[in-house]
Every structure is written in structure tokens, then in C-alpha cells.
Amino acid sequence: MSQLRLQNLTKSFRGVPAVQDLWLDIRSGEIVSLLGPSGCGKSTTLQLIAGIRSPDAGVIELDGKILNRVPTEKRDMALVLQRGLLFPHLTVGENVAFGLKMRGVNRVEREQQSRAMLQQVQLEGFGDRKPSELSGGQAQRVALARSLVIRPKLLLLDEPLSALDANLREEMQSLILQLHAQTGVTLMLVTHDQSEAVVMSDRIALMFEGRLRQVATPEQLYQQPCDELTARFMGGVNFFTATAQDQQWRITQDVILTSHNSAQGQIQFTIRPEQIQLFPEPFPSVNLIPAIVVANRFTGMQRRLTLQISPEGSWPCSFQAWIAPTQNFAIGQTVWAYLPPDALWCFAESVLETEPMNVV
Ligand code: ADP
Ligand code: MG
């Protein structure tokens, strides 16, 4: 079992930084996604780990062994790209067995392991086909089989599903999780799709412009983002400014919210739109505020309402509540929005923690 440790990883292309001072530990058997917009340095990071590129500075360590000078093929890693890059002249079975051949495994053993691996990726009986006779999804399954058959310590996946359509992508996500459960391989997945990172990962390393911004569980990234940019990347839409005195956060002259977190002075805070609950009538409670429905959008899974607090006040403040589609409110209707005290999250400075953050 392996542990990957990246220290101060740094790489520039012709003086332009692609990866800057990246520190990250990945535990044995863990699934970590490297998430971020296109061009932020995800693929470069993976290529540095795999040894396809060498870093300008920094250390890459696997199981306590420094790999900087170890060639790619001796790193006990496998890399799967967006398109599997299978050998076109070899059969599917030979493609899967290729890594074993390189390692000197005999023919009988190779064929046996290749067949078993194809069965694991649900391509039993495809061994004699050529790569040109496969669909995109099947080719990616062969690429996965080919990578896993050599039992790597670390499996690196660089946007392996981004060329597939949505239904197939979900099916492949399940297959990757299933293969992970069967093999226990440590897995690093690169994706620009936050929903993919959320369903796939134990932890997500969010990256912008060559730097890690926050490393956290999917839940923490949703509920405790380190800053507004992170919150927005994770689909956050509600941003408030307030004057805080400990757990009392004043957002307008009349509206003071109670939070489970303490803060002082001028703050910015967020709340996930799914965590706000709406009621047609008021009842005695903290954090229950009247608001008017100004927009109502049905998405199938949810109803996304835009609400405004004190529209006549000096500080018109709007926010979104995403509610179950079985609930509905009309535009123009006054509703009572409940903002749970434990769902109000005040941004701290950029934090790179795996533990829940303490708010100042
Ligand atoms: P991502 O995978 O997140 O989309 P990359 O790691 O591919 O990002 O690229 C990070 C940055 O480095 C980008 O600005 C990209 O243009 C640049 N870059 C990547 N590879 C090269 C290269 N071979 N030569 C010059 N610049 C490169
Ligand atoms: Mg990339």
C-alpha cells in the first residue's frame, strides 16, 4: 500500500508558472481528485508525478521513496488519459497484457490475467477485437484494465471520462469506484467537473492558477469553502456581508442572524442554497426571516427560488433557496426562510487543511 507525498512541487514552461509550490499528501487507498478550471495545472501535476516531466523544484515521494530520479516505467504507477491511446495493431487482450509482457510474465499467465481483468471491466469476450472495433466507453475500460493489470501502487486518471456522454460517464464512475474497492489502489483523478470530483473522491484538492486553494472532503468544500472563489466553483450562490459580534451576525438594520461560529467585525459569509428551508407561515425561531419570492426555476431535481429580503429597505439583499420540487411558492409571495445556525459559514483566509477549519 502506498502513500504519495508531494512537497513544494514547482514547474514553469518558458518562465510561465504552471504548478507552484504544491504540497499534498495522499494516503494509501485514498481517492483524491485534483479539481480546477482548464489550464490551472492539473495535467502538469499528474505528469510530474508520473515522471513524464521533471519538476523545477520539489520532491515526489511514494511509500517513503523519493522518485525524482526514478524513470516513469519504474515508478509503480499507471496513467490513463482522456483517450486511452491503445496500441491499434494489437488486440484488446494483447493491449491489456502489454505491461505484463514488459515485466517478463509468461504467455499463459499473461493471457489468464488479461482475461480476468477484462472480466472485471465487464468486457468478457472482447479479447480478440481490435481497438478500432470499440466504442469510446469500451476503449476507456480497456485502458483501465491495461493500467490495473500491472497492480500499480498509484493510478493516475487525467480526465478519463470527459470525452464520454453523461449517462456513460456515470456508469464509468461506478465502475472506477468498484475497481477501486476491489483493488484498493491509491487513486488520483484529474477533473474540471466539480460534480464528478464530489461523487468520486474521499478528498478534493482544488487548484487555481497553478496553486492549491483548498484540500478537503467534498462536504467541507461545499459547506466550509475557504473563500468566495472556492464557494462559487463548488456551485455556491449566496454571499452576504455582515457585521459580526461573536455568534450574532447583523446583515441589515433589522436582521441579525445567529451562527454556531464566532466572528468579529466586517465579515463575508455564505450558506448553501440547499440548506435554506422555506415556510409559508412564521413561527417562533431564530434565523427565520421574511422574504419575497422574485424568481422560481424548476430544474427537475429541485426548485430554485430567488428571494429578496426587505426589498424596500436601504439594503436589498437577495439569495437563493433550492427546495424539493414537491414544494412550491408563487412569485410575489412572502415566505419565511430559515437559515440553520450551523449552515452559516464565514470565510477565513485561504486554508489548506484536511480537518474542519476553525473560523476566526
Ligand atoms: P490543466 O490540465 O489544468 O488544464 P495544464 O497542466 O495542462 O492544465 O496546463 C497548465 C498551464 O501550463 C497552462 O497555462 C498551459 O498552457 C501550460 N502548459 C502546459 N503544458 C505546456 C507545454 N508543454 N508548454 C508550454 N506550456 C504548457
Ligand atoms: Mg489537463
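Structural data are supplied above this passage.
Only a predicted model underlies this, so the values are computations on that prediction, with no experimental measurement involved.

K.L.:
Would you mind going over the packing of aromatic side chains with me for this structure?
P.N.:
The description of an aromatic ring pair uses the distance of the two centres, along with the angle that the planes make with each other. A full pass over the atoms with the stated rule returns seven aromatic pairs. Ring geometry for Phe-208 versus Phe-233: centroids 5.6 Å apart, planes at 85°, classification edge-to-face. Of this pair, Phe-208 sits in strand 9 (residues 203-208) while Phe-233 sits in helix 8 (residues 228-233), and the two are 25 residues apart along the sequence. Of the residues examined, Phe-208 reaches a relative accessible area of 10% and is grouped as buried. Clustering of aromatic rings is evident, with ring pairs tying together Phe-240, Trp-249, Phe-269 and Phe-319. For the cation-ring pair, Arg-146 lies above Phe-87, with the distance from its terminal atom to the ring centre recorded as 5.8 Å.

K.L.:
What's the story with the site of ligand 1 in this structure? I'm lost.
P.N.:
If you check the shell around ligand 1, you find Phe-13, Ala-18, Pro-37, Ser-38, Gly-39, Cys-40, Gly-41, Lys-42, Ser-43, Thr-44 and Arg-53 and nothing else. Gly-39 is positioned with one of its backbone polar atoms (N or O) 2.6 Å from an oxygen atom of ligand 1. Within the side chain of Arg-53, one N or O atom sits 3.3 Å away from a nitrogen atom of ligand 1. Protein chains shield 62% of the accessible area of ligand 1, which is 560 Å² for the free molecule. If you tally residues by element for the shell around ligand 1, the top one is helix 1 (residues 42-50), at three residues. Partitioning the shell around ligand 1 into residue classes produces four nonpolar, five polar and two charged.

K.L.:
What am I meant to see in helix 5 (residues 166-183) here?
P.N.:
Note: α-helices contain 3.6 residues per turn, so residues at a spacing of three or four share the same orientation. Taking 1.5 Å as the rise per residue, helix 5 with 18 residues should run 26 Å; its terminal C-alpha atoms sit 26 Å apart, in good agreement. Looking only at helix 5, the buried set comprises Met-172, Gln-173, Leu-175, Ile-176, Leu-179 and His-180. Projected down its long axis, helix 5 carries its buried residues within an arc of 170°, all on one side. Helix 5 presents Asn-167, Glu-170 and Ala-181 as exposed residues on the side facing more than 90 degrees away from its buried surface. Next to the buried residues of helix 5 lie strand 3 (31-35), helix 3 (107-120), helix 4 (136-148), strand 7 (154-158), strand 8 (186-191) and helix 6 (194-200).

K.L.:
Quick question: what am I supposed to make of the environment of Leu-164 here?
P.N.:
Relative to the helices and strands, Leu-164 is located in the loop between strand 7 and helix 5. Using a relative accessible area of 9% as the deciding quantity, one classes Leu-164 as buried. The residues contacting Leu-164, other than those within four sequence positions of it, are Gly-136, Gly-137, Arg-169 and Met-172.

K.L.:
Is there a simple way to explain the side chain of Arg-303 in this structure?
P.N.:
Note on placement: Arg-303 falls in strand 15 (residues 303-309). Among buried charged residues, Arg-303 stands out as having no salt bridge; its nearest opposite-charge side chain is Glu-274, 15 Å away.

K.L.:
What's the story with the sheet that holds strand 2 (residues 16-26) in this structure? I'm lost.
P.N.:
Read across the sheet, four strands follow the order 2-1-4-5 without closing on themselves; strand pairing throughout is antiparallel. Each edge of the open sheet carries a strand with a single partner, namely strand 2 and strand 5 (65-66). As judged from the five bridges shared by strand 1 (residues 4-13) and strand 4 (residues 57-62), these two strands associate in the antiparallel manner. Paired with Arg-5 across the bridge in strand 4 is Glu-61. Where helix 1 meets the sheet, its contacts fall on strand 1, strand 2 and strand 4, and the angle it forms with strand 1 comes to roughly 120°.

K.L.:
Explanation requested: the pairing of strand 4 in the structure shown.
P.N.:
The side chains of a regular strand alternate between the sheet's two faces. In terms of strand pairing, strand 4 meets strand 5 through two bridges, oriented antiparallel. Looking across to strand 5, one finds that Glu-61 is bridged to Ile-66.

K.L.:
Would you mind showing me how to read the layout of surface pockets here?
P.N.:
Empty space left among the atoms is revealed by rolling a probe the size of a water molecule over them. The volume enclosed by the largest pocket comes to roughly 680 Å³. Along the walls of the largest pocket sit 22 residues, with Met-77, Ala-78, Leu-79, Arg-146 and Ile-150 positioned nearest its centre. For the lining of the largest pocket, the secondary-structure elements that each account for two or more residues are strand 6 (77-80), helix 2 (92-102) and helix 4. A per-element tally of the lining of the largest pocket places strand 6 first, with four residues. The residue inventory of the lining of the largest pocket, partitioned by class, reads 13 nonpolar, four polar and five charged. Its boundaries defined by the atoms lining it, the second largest pocket holds a volume of some 470 Å³. Around the second largest pocket, the lining is made up of 20 residues, and of these Thr-91, Gly-93, Glu-94, Glu-111 and Ser-114 lie nearest the centre.

Rules used in this analysis
- Residues numbered from 1 in each chain as written.
- Chains lettered and ligands numbered in written order.
- Predicted model: local features only at pLDDT ≥ 70, side-chain atom pairs only at ≥ 80, totals over all residues.
- Heavy atoms only, no water.
- Phe/Tyr/Trp six-rings, centres within 6.5 Å; stacked < 30°, edge-to-face > 60°.
- Helix = DSSP H or I, 4+ residues; strand = E, 2+ residues; numbered from the N terminus.
- Buried < 20%, exposed > 50% of the residue type's maximum accessible area, 1.4 Å probe, protein only.
- Lys NZ or Arg CZ within 6 Å of the ring centre and 35° of its normal.
- Near = heavy atom within 4 Å.
- Polar contact = N/O pair within 3.5 Å; in protein donor to acceptor, adjacent residues only side chain to side chain.
- Areas by Shrake-Rupley, 256 points an atom, 1.4 Å probe, with all protein chains shown as cover.
- Nonpolar A, V, L, I, M, F, W, Y, C, P; charged D, E, K, R; others polar.
- Expected span 1.5 Å × (residues − 1).
- Arc of directions from axis to C-beta.
- Contact = heavy atoms within 4.5 Å.
- Lys, Arg positive; Asp, Glu negative; His and termini not counted.
- Salt bridge = Lys/Arg side-chain N within 4 Å of Asp/Glu carboxyl O.
- Pairing = 2+ DSSP bridges.
- Axes fitted to C-alpha atoms, helices over the stretch in contact; angles between N-to-C directions.
- 1 Å grid on protein atoms, 1.4 Å probe; cavity = no way out; pocket = protein on both sides within 12 Å on 5 of 7 lines; lining within 4 Å.
- Points joined across faces, edges and corners; volume = space filled by probe spheres on them.

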